[in-house]
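As a plain string of letters, each chain reads:
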Amino acid sequence: MSCHIAHEHAAAASRPLTLRSRPMRIALVGQPNVGKSVVFGRLTGRYVTVSNYPGTTVAITQGRALVGAEVCDVIDTPGVNALEGTVSEDERITRDVLETDRADLVVQIADARNLRRALMLTGQIATFRKPTILALNMVDEAFARGIVVDARALEAELGIPVVEMVAVEGRGLAELRDALVRAAVPQLPPAAHASAAARAEWAHALTTRVRHVSTLSLARVQEALAWATRRPLTGLPILAVVLYALYLFVGVFGAQTLVKLLEDGVFGRGVNPASTWLFSFVPFPLVRDFFVGEYGLITMGVTYSIAIVLPVVATFFLMFGFLEDSGYIPRLAIFCDRIFRTMGLNGKAVLPMVLGLGCDTMATMTTRILGTPKERLIAILLLALGIPCSAQLATILGILGGISFAALATLFGVVIGQMILVGWLAARVLKGERSEFILELPPIRWPRVGNLLTKTRLRVWWYLGEAVPLFLIGTVLLFVLDRVGALVWLSAAGRPIVTGLLGLPPATAQILVMGFLRRDYGAAGLFQLAHSGQLTGVQAVVALTVMTLFVPCVANFLMMVRERGLRTGLAIIGVITPIAIFTGAGLNYVLRALGVQF
Amino acid sequence: MSSVHLAFSSSAGVALSSLAEGAQGVIVEVRQVRGAHPVSEASVERLLSLGVTPGASVTLLQRFPGIVFLCDQTELAVERGVADAVLVRLRENPS
């Protein structure tokens, strides 16, 4: 072993520097969730989102790395299971990198526990005829499960360097750098290229030759947890505990404690009075109102997105990151698969749906992980229709929690019922295919704190960079509508529906119109109305149900347009608005007819 | 009755979806159509690329609410229709 490494060093040192017209390009390729992004981060010093959930890298990331005295461009590609046959969007991206001269050299990152699968991919990478290195990552986890791969024997069989690594700890990175100069085109017996089945046979035979599995497993606790989270009898209580912890951390700590600190303290006493004072020197009332008026960019837009939504989003992302990295969320998909199938989706849709509880806008973007365009459309529709974002959830719990459990149960019952009904109809009306549920369950792991914090920070930055501007655009829109008198006109036009059909106080009309533009802001308006005692129990339930079902916030709408086009975005609004109003009207009628009081 | 018995003892294999929890075996075939619900070609390809290939050893871990099985070192959750497509030769004496 030691003499082998010494030989490697000698080879690296004796190699003369090659002059190139451009840096050598190294592509990191591998199955989802094997640690490509970690290796990328280690090589380049750049961080990309890393998670214990297959399919997190959806675009190519590029960075510079120093190998010896040479500068290289390293490309992180989305995880691929196959490079041939019907490939997904991600797989096409990776294949394009391999087909063109965007990559001079390929480093295949493999999960040491899943050698056979990795070799199936090696066989496909070989067809691109590029110098390749195989990096066996997570050898520590493999060892804990009693799996040992003879890297030298594998090296001899494939004719390429094979490096053992534990990338998260930085082990094996130096060996990988040294091995770059020895990269070679993988040598497979010609028969292995004949068909997918022949390649599978070759991979299987090779695996049995170089891998040794003992029954000894050191990962008992992890295995017990993995078992407990997927069995109904233990899994459902665990789910209840997880949801309660989520509520405590996001709903109470984030939405109440932190929001109070920021809204009343930092903004209420600091930023807003200060900027109002500053703008009082501006001689134009229109400019003044634009920044610090009722719908001012600072007093409403910035205050709202930073003081009220940011703490909720940040605490949610932290908790979500924890669940994601621990490997819990895919296990949840097992429980959701059946119910999602009636809505034309499958268990995989659980990831965007749970993420939607934090921010529907971000969740709309994550629907890219779903298999078919039809599934993506249904998921976007259901997110907009029924999944309350964390800001709304806080309002719902705040108002109805104070009334009664029955009130809460009614709202969620109606909203979930509506989602299932609409999903069921959409699955039948919309053209296209549903994909079958096949999901890899990653091992249960204790998340790494550093990774968790970096990931949360990156997501919060995303929120600040992508969602906050959309909030600001929404505020400007509101300001313009208010100026030209459209807000008053809309409220007047909506009043008959609000007071007549929904049986709500006239003041709710304005709030619901606001909810049109920013449903979460509208929810905050309802909160004030409820606290000043202007809403009965039935009215609160009806108003909040309509608000939850209503058109998403402007940020979410703009994201739908970005993902699926303007026509689809408008169509979704056209479908959701009548559903929200008629459900509210029906609920109002039924509750009153039954004489429910809450 | 005899045909059922035959199916179990022959090398043709039984559907993964019919295995009892804890049963172990070796995959003999992954095929596209079985029974009333055809499995899409994309699903078969996806199974193959996830390592669900002939020769791989499988253990059925769970049947409800969805089928969960261990294929080599990969834990996979699938819907029943997909598990119908995977044919397994049962190991006689599960250790």
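One numbering rule holds for all chains: residues counted from 1, following each sequence as written. For this description, chains carry letters from A and ligands carry numbers from 1, given in the order in which they are written. A pLDDT threshold of at least 70 governs which residues receive local features in this predicted model, and a stricter bar of 80 or more applies before side-chain atom pairs are shown or counted, although totals over entire chains, interfaces and linings include all residues. Values shown for side chains rest on all heavy atoms present in the structure; no hydrogens or waters enter the calculation.

Draft legend 1. A look at the overall build of chain B. We count a stretch as a helix when DSSP gives it H or I for four or more residues in a row; a strand needs E for two or more, and each element gets its number in order from the N terminus. What chain B contains, in helices and strands, is three helices and six strands. Relative accessibility decides the category of a residue: with a 1.4 Å probe and only protein chains considered, values under 20% of the type maximum give buried, values over 50% give exposed, and everything between is partly exposed. Scored against the burial criterion, the 95 residues of chain B give a buried share of 47%. A fraction of 65% describes how many contacts in chain B between residues 6 or more apart in sequence connect residues 24 or more apart. Areas reported here follow the Shrake-Rupley algorithm with a probe of radius 1.4 Å; residue values treat only the protein chains shown as occluding. Carbon together with sulfur atoms contributes 57% to the accessible area of chain B, which is approximately 4300 Å² in total. In what follows, a contact means two residues having at least one pair of non-hydrogen atoms within 4.5 Å.

Draft legend 2. Spatial organisation of the overall build of chain A. Check the secondary structure of chain A and you find 25 helices and nine strands. Split into buried and exposed, the 598 residues of chain A put 55% on the buried side. Sequence separation of 24 or more characterises 75% of the internal contacts of chain A that already satisfy a separation of 6 or more.

Draft legend 3. Quick peek at the confidence of the model for chain B. When pLDDT is averaged along chain B, the result is 80, and 79% of the positions lie at 70 or above. Summary of the metric used: pLDDT quantifies the predictor's per-residue confidence within the range 0 to 100. Between residues 1-10 of chain B, whose pLDDT stays under 50, and residues either more than four places distant or in other chains, the model counts four contacts.

Draft legend 4. Region of interest: the nonpolar core. Residue and element names in this part refer to chain A. Buried Ala, Val, Leu, Ile, Met, Phe, Trp, Tyr and Cys residues that are joined via side-chain atoms within 4.5 Å together make up what is termed a nonpolar core. Core analysis: the largest hydrophobic core is formed by 99 residues, its most contacted members being Leu 345, Leu 400, Tyr 463 and Leu 526. The dominant element in this core, judged by the number of residues it contributes, is helix 12 (residues 297-326), at ten residues. In this view, Leu 345 contacts Phe 340, Met 353, Leu 370, Glu 375, Ile 378, Ala 379, Leu 382 and Arg 434; residues no more than four positions away in its chain are not counted.

Draft legend 5. Up close: the packing of helix 16 (residues 373-386) of chain A against helix 18 (residues 405-429) of chain A. All names here are of chain A. To obtain an axis, a line is fitted to C-alpha atoms, over the contacting stretch when the element is a helix, and the angle between two such axes runs from 0 to 180 degrees between their N-to-C directions. Contact geometry of helix 16 with helix 18 gives a least axis separation of 10 Å together with a crossing angle of 155°. The pairing of helix 16 with helix 18 is recorded here as roughly antiparallel in orientation. The element helix 16 and its partner helix 18 pack so that their crossing is right-handed. Residues Lys 374, Ile 378, Leu 381, Leu 382, Leu 385 and Gly 386 of helix 16 form the contact with helix 18, whose own contacting residues are Val 415, Gln 418, Met 419, Val 422, Gly 423, Ala 426 and Ala 427. Any angle from 65 to 115 degrees is called roughly perpendicular, while one under 35 is roughly parallel, one over 145 is roughly antiparallel, and all others are oblique. Should the near helix be turned anticlockwise from the far one by less than a right angle, the crossing is left-handed, and should it be turned clockwise, the crossing is right-handed.

Draft legend 6. Seen up close, helix 23 (residues 537-549) of chain A. The span one expects for a helix is its residue count, reduced by one, times 1.5 Å. Taking 1.5 Å of rise per residue, the 13 residues of helix 23 of chain A would be expected to cover 18 Å, and the 18 Å separating its terminal C-alpha atoms lies within 8% of that figure. Burial analysis of helix 23 of chain A places 13 of its 13 residues in the buried class, the great majority of the element.

Draft legend 7. The arrangement of the interface of chain A and chain B in detail. Counting residues at the interface gives 32 residues for chain A and 33 residues for chain B. Buried area is calculated as the accessible area (1.4 Å probe) missing from two parts once they are joined, with the contributions of both summed. Across the interface of chain A and chain B, roughly 2900 Å² is buried in total on both sides, 47% from carbon and sulfur atoms. When the buried surface of chain A facing chain B is broken down by residue, A:Arg116, A:Glu436 and A:Ile438 rank first, second and third, together holding 23% of it. Any Lys or Arg side-chain nitrogen found within 4 Å of a carboxyl oxygen on Asp or Glu counts as a salt bridge. Where chain A meets chain B, there are seven salt bridges. Residue A:Arg230 pairs with B:Glu75 through a salt bridge whose shortest N-O separation is 3.2 Å. By the criterion applied in these results, polar contacts are pairs of N or O atoms within 3.5 Å in which, for protein atoms, one can donate a hydrogen and the other can accept it, and in which residues neighboring in sequence qualify only through two side-chain atoms. Connecting chain A to chain B are 19 residue pairs in polar contact (both at pLDDT 80 or more). Broken down by secondary-structure element, the contributors of at least two residues to the side of chain A that touches chain B are helix 4 (115-126), helix 8 (196-210), helix 13 (329-342) and strand 9 (438-441) of chain A. Per element, the largest residue contribution to the side of chain A that touches chain B is six residues, and it comes from helix 13 of chain A. Strand pairing requires that DSSP identify at least two bridges connecting the strands. As paired strands, strand 9 of chain A and strand 5 (residues 74-78) of chain B are joined by four bridges and run antiparallel to one another. Across the sheet, A:Leu441 pairs through a bridge with B:Glu75, a residue of strand 5 of chain B.

Draft legend 8. Region of the structure containing the environment of A:Gln108. Residues and elements named next belong to chain A. The topology assignment puts Gln 108 in strand 4 (residues 105-111). Put simply, Gln 108 and Ala 118 are ten residues apart on the chain and 8.5 Å apart in space, counted from C-alpha to C-alpha. At 2.6 Å, the side chain of Gln 108 and the side chain of Thr 122 are in polar contact.

Draft legend 9. Expanded view of a nonpolar patch on the surface. Residues and elements named next belong to chain A. Every patch collects residues that have over 30% relative accessible area and no salt bridge, joining them within 9 Å if they carry like charges and within 5 Å if they are nonpolar side chains (Val, Leu, Ile, Met, Phe, Trp, Tyr). Taken together, Leu 421, Trp 424, Leu 425 and Val 429 make up a surface patch of nonpolar side chains, about 400 Å² in accessible area. Positionally, Trp 424 belongs in helix 18. Residue classification places Trp 424 among the partly exposed residues on the basis of a relative accessible area of 40%.

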